[in-house]
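Spelled out from the first residue to the last, the chains are:
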Amino acid sequence: MTLSTNLNENIRYIETCLPVQTSFDLVTRQLYLGKSKAFFLGVNGFCKTEILQQIFADLQDPLYMRDDHIEDIARFTEGKIGYAQTSLSSSWDEIIRNVLSGPAALFIDGFDQAILIDVRTYPTRSISEPDLERVTRGSRDGFVETLLFNANLIRRRVRSPELVFSMHSIGTRSKTDVAVTYLEGLVHPELLHKLNQSLDSLQAASLTMGAKSLEELLLHKRWWNPLPAIQMTERPDVACSYLMEGHILILVDNSPLVMILPCTIFQFTQNPEDYYKSPSVGTYFRMVRFLCIPVSLLLMPLFLLITARFPESARQWGLLSEENLTPQRLFFYVLAVEFLLDLFKYSSSLSSGKFSGSLSIVGGLIIGDIAVTLNWTSVDVLFYAAVTLLASLAITDTEFSDALRLYRILLIIGTGLGGLPGFLISLTLVILSAATTPTFGGFSYFWPLFPLNKKALGRLLFRSPTPKAQPPKIWDRGNIH
């Protein structure tokens, strides 16, 4: 639907489609520009008041507005509105969407076009380092909930004319801005085309949880696929490093998380800390993190399997200090400790920073000691559970670590109920679950291990010096499925 040349009709339409009389944050104003009637529409708090006051002061100045009537709205916009970001629109859908996003609209009697003045400003928190991706050295900035600020953080690092921010609007009600970011010439064209098609065809009312909601809309996973299929980061340096390797970034307004496509399982083992240290030190800690994955996944199930089903081997290797523990009691001990550690980790992560440290440490010591005294667990089980917890915390990505926790619980239950056959069956289910994890574009989740790419795999396993870490070309991942 397009605008009318009659200003009163346009005002009546605005009053029917927007609650301008009842919603306090919608600001309207009747104006005279010379002798031409005009009408202003904006959202209080989204517009920079100082700039609007200056614009309207100029337009209502008789010395500035020498013509009594406005004859050409395009010439008037170019000659009289001294602000950089202005545009004309005759579509009501576009005008309403822009006004609710922040820009203000100016309607002038006699014209079927409105002037959109982008003087938007959003309430936002200060830019700070993300809590879950801290480094001892390096930049201390992180993405925030404002898309424009996040785009500026990327543009500040990648000052290339090939950098593109392609805008989409997702959600029939929320109209959330989503920016697809890539480097022209480095991006996979088929993957980019498929992503644009998918974003334009999404049927959703809103992106309630920002980037996470968009992830679930783009990629439909089964309940047996807990591993993350799209990597997310709050660090601009991490996002830009993937951007330079030909990846696509997805920025969602109102969310500090930036999505990275395509994705493989090895991306969740990387940490920016590796690149703020020397190559040898970075490689060492990367190997430590790789070791933490099987420790987090298999230590407790293997401990339960050996001590409960093969007690002679457990005594020979000194795995248990207590004797005469039945397999059923050991199974109960392991499950109880797993629940307690998850409870402590969850409660401390949601507690205030003033209490989370003392709550997790002091509470763990007190309850652990009482649990041993009341014969609810044993010191040996607490020790192996603590090592498992430390290995889980050493894994960079929390979503990946949580998925391993679910796999570990499955292995513990299978081992406790079925012994060695139960452990093997559960391990087979874990492998099948990981192998069937879907990825956007249909690339292999285990690339570059499968299909094998030795050079790319070496870059993932070992921290290369900066001159060698910049690939001469983008890695070939295969075809889009």
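Residues numbered from 1 in each chain as written. Predicted model: local features only at pLDDT ≥ 70, side-chain atom pairs only at ≥ 80, totals over all residues. Heavy atoms only, no water.

Describing the pattern of salt bridges
(1) Moving on: According to the stated counting rule, one finds 16 salt bridges in the structure shown.
(2) Moving on: Between R286 and D274 there is a salt bridge whose closest N-O contact spans 3.1 Å. In this pair, R286 is assigned in helix α9 (residues 279-309) and D274 in the loop between β10 (258-261) and α9, connecting sequence segments 12 residues apart.
(3) Moving on: With its nearest N and O atoms 3.2 Å apart, the salt bridge here joins R405 to D402. You can see R405 and its partner D402 sitting in helix α14 (residues 398-435), 3 residues apart, about one turn around the helix. (Salt bridge = Lys/Arg side-chain N within 4 Å of Asp/Glu carboxyl O. Helix = DSSP H or I, 4+ residues; strand = E, 2+ residues; numbered from the N terminus.)

A word on the sheet that holds strand β8 (residues 231-233)
(1) Moving on: Within the open sheet, the 5 strands sit side by side as β6-β7-β9-β10-β8. Their pairing is antiparallel. In this open sheet, the two edge strands, each paired with only one partner strand, are β6 (163-170) and β8. Across this sheet, the average inter-strand angle for adjacent strands is 25°, counted without regard to direction.
(2) Moving on: Where strand β7 (residues 176-183) meets strand β9 (residues 248-252), 4 bridges bridge the pair, whose relative direction is antiparallel. (Pairing = 2+ DSSP bridges. Axes fitted to C-alpha atoms, helices over the stretch in contact; angles between N-to-C directions.)

Points about unusual backbone geometry
(1) Moving on: Of note, the amide linkage connecting W447 to P448 takes the cis form, showing an omega dihedral of 10°.
(2) Moving on: Mapped onto the elements, P448 comes out in the loop between α14 and α15 (454-461).
(3) Moving on: Across the junction of F450 and P451, the peptide omega takes the value -5°, indicating a cis bond.
(4) Moving on: Structurally, P451 can be placed in the loop between α14 and α15.
(5) Moving on: Despite not being glycine, K175 shows a phi value in the positive range, around 50°.
(6) Moving on: One non-glycine residue, N254, lies in the positive phi region at around 75°.
(7) Moving on: Examined against the element boundaries, N254 turns out to sit in the loop between β9 and β10.

A closer look at the nonpolar core
The nonpolar side chains of a soluble globular protein tend to be buried with one another.
(1) Moving on: With 26 residues, the main nonpolar core has L195, L199, L214, L218, I248, I250 and M259 as its most contacted residues.
(2) Moving on: If you list the elements that add at least two residues to this core, you get β7, α6 (189-200), α7 (211-218), β9 and β10.
(3) Moving on: With 4 residues, the single largest contributor to this core is α6.
(4) Moving on: For I248, the residues in contact, after removing those within four places along its chain, are V180, T181, V187, L191, L192, L195, M259, I260 and L261.
(5) Moving on: Residues F290, A391, I395 and F400 belong to the second largest nonpolar core, which totals 23 residues. (Core = buried A, V, L, I, M, F, W, Y, C linked by side-chain atoms within 4.5 Å. Buried < 20%, exposed > 50% of the residue type's maximum accessible area, 1.4 Å probe, protein only. Contact = heavy atoms within 4.5 Å.)

Some remarks on the pairing of strand β2 (residues 36-43)
(1) Moving on: In terms of burial, β2 is largely enclosed, as 7 of its 8 residues are buried.
(2) Moving on: Note that strand β1 (residues 26-33) and β2 share 8 bridges and pair antiparallel. Across the sheet, the residue bridging to L31 is A38, located in β2.
(3) Moving on: Where β1 folds back on β2, the antiparallel hairpin that results is connected by 2 residues, among which G34 adopts a positive phi of roughly 70°.
(4) Moving on: Looking at chain direction, β2 and strand β4 (residues 104-108) are connected through 4 bridges and run antiparallel. For F39, the partnering residue across the bridge sits in β4 and is F107.

Topic: the packing of α9 against α15
(1) Moving on: In contact at an axis separation of 9 Å, α9 and α15 are set at 95° when each is read in the N-to-C sense. Considering their axes alone, α9 and α15 lie roughly perpendicular with respect to each other. Residues R286, M287 and F290 of α9 lie in contact with α15, whose contacting residues are R459, L460 and L461. (Parallel < 35°, antiparallel > 145°, perpendicular 65-115°, else oblique.)

Observations regarding the packing of α9 against α14
(1) Moving on: Close contact between α9 and α14 brings their axes to 9 Å; oriented N to C, the two are set at 25°. Of the possible angle classes, the one that applies to α9 and α14 is roughly parallel. Note on packing geometry: the crossing formed by α9 with α14 is right-handed.
(2) Moving on: Residue composition of the contact of α9 with α14, grouped by class: 17 nonpolar, 5 polar and 2 charged. (Left-handed = near helix turned anticlockwise from the far one by under 90°. Nonpolar A, V, L, I, M, F, W, Y, C, P; charged D, E, K, R; others polar.)

What about α15?
(1) Moving on: Among the residues making up α15, those that are buried are A456, L457 and L460. Along the long axis of α15, the arc covered by the buried residues comes to 100°, so they all point the same way. Set apart from the buried face of α15 by more than 90 degrees, the exposed residues are K454 and K455.
(2) Moving on: In the core, the buried residues of α15 are packed alongside α9. (Arc of directions from axis to C-beta.)

Topic: the packing of aromatic side chains
(1) Moving on: Throughout the structure, instances matching the rule amount to 10 aromatic pairs.
(2) Moving on: Where F332 meets Y333, the ring centres are 6.4 Å apart and the plane angle is 50°; that geometry is what we call tilted.
(3) Moving on: Taking relative accessible area as the criterion, F332 reaches 38% and is therefore assigned partly exposed.
(4) Moving on: Given the relative accessible area of 0%, Y333 is considered buried.
(5) Moving on: Members of the aromatic cluster, connected to one another through ring pairs, are Y13, F39, W92 and F107.
(6) Moving on: Between K194 and the ring centre of F440, over which it is positioned, the NZ or CZ distance is 5.6 Å. (Phe/Tyr/Trp six-rings, centres within 6.5 Å; stacked < 30°, edge-to-face > 60°. Lys NZ or Arg CZ within 6 Å of the ring centre and 35° of its normal.)

Quick notes on the sheet that holds strand β5 (residues 114-117)
(1) Moving on: Read from one edge to the other, the open sheet built from 5 strands follows the order β1-β2-β4-β5-β3, with strand pairing classed as antiparallel. Among the strands making up the open sheet, the edge pair consists of β1 and β3 (86-89). When the angles between neighbouring strand axes are averaged without regard to direction, this sheet yields 25°.

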